[in-house]
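# A closer look at the structure
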Amino acid sequence: AWDNAKKYVEKGQVFVDGVAQRKGSEIHKAAVVGDTVGDPLKDTSGPALNIVMKLMAILALVFADFFKSINSGKGLFDLPH
């Protein structure tokens, strides 16, 4: 999203107090920083979270029967059926 924000500023589509903000403005500098910082995070966190979600789903399925068997089927917190 930051790269789109940067392009939006560069086209002169952002106005502050009626003045179009373009390259070199403080808003453009902030968008460039956001784009620079955001790209590596986007490229690394997406695949990492995908693996974590798959692992948690598999663990839940593998251990579901064990969790159910705790405390005569009432679970760890002794919940009513």
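Our structure's up above, just so we're on the same page.
Residues numbered from 1 in each chain as written. Predicted model: local features only at pLDDT ≥ 70, side-chain atom pairs only at ≥ 80, totals over all residues. Heavy atoms only, no water.

## Topic: a nonpolar patch on the surface
Worth spelling out the cut-off: What goes into a patch is any residue over 30% in relative accessible area without a salt bridge, connected to like charges within 9 Å or, for nonpolar side chains (Val, Leu, Ile, Met, Phe, Trp, Tyr), within 5 Å. Accessibility throughout is a Shrake-Rupley quantity obtained with a 1.4 Å probe, and a residue counts as covered only by protein chains that appear here. Should a side-chain nitrogen of Lys or Arg be within 4 Å of a carboxyl oxygen of Asp or Glu, the pair is scored as a salt bridge. Each helix is a run of DSSP H or I of at least 4 residues and each strand a run of E of at least 2, with the numbering of both proceeding from the N terminus. Exposure is judged per residue with a 1.4 Å probe applied to protein chains only, and the accessible area is read against the type maximum: over 50% gives exposed, under 20% gives buried, and values in between give partly exposed.
Nonpolar side chains collect at one region of the surface, where V52, L55, M56, I58, L59, V62, F63, F66 and F67 lie side by side and expose about 870 Å² of accessible area between them. Along the chain, F66 falls in helix α2 (residues 26-69). A relative accessible area of 49% means that F66 is categorised as partly exposed.

## Topic: the packing of aromatic side chains
Filter applied, for reference: Stacked, tilted and edge-to-face are the three classes assigned to paired rings of Phe, Tyr and Trp, where Trp is represented by its six-membered ring and a pair needs centres within 6.5 Å; plane angles under 30 degrees give stacked, over 60 edge-to-face, the rest tilted.
This model, assessed by the stated rule, comprises 2 aromatic pairs. Aromatic side chains F63 and F67 sit 6.2 Å apart centroid to centroid with 40° between the ring planes, which places their arrangement in the tilted category. Highlighted residues: F63 and F67, both in helix α2, separated by 4 residues, approximately one helical turn. Relative accessible area serves as the criterion here: at 38%, F63 is assigned to the partly exposed category. When its relative accessible area of 47% is taken as the criterion, F67 is described as partly exposed. Ring geometry for F66 against F67: centres 5.8 Å apart, planes inclined by 55°, an arrangement best described as tilted.

## Considerations on the pattern of salt bridges
Where charged atoms of side chains with opposite charge meet at close range, the side chains can pair. Taken as a whole, this structure holds 2 salt bridges when the rule is applied. Of the charged contacts in the structure, one is a salt bridge between K6 and D35, with a shortest N-O distance of 3.3 Å. With a gap of 29 residues between them, K6 in helix α1 (residues 2-10) and D35 in helix α2 connect regions that are remote in the sequence.

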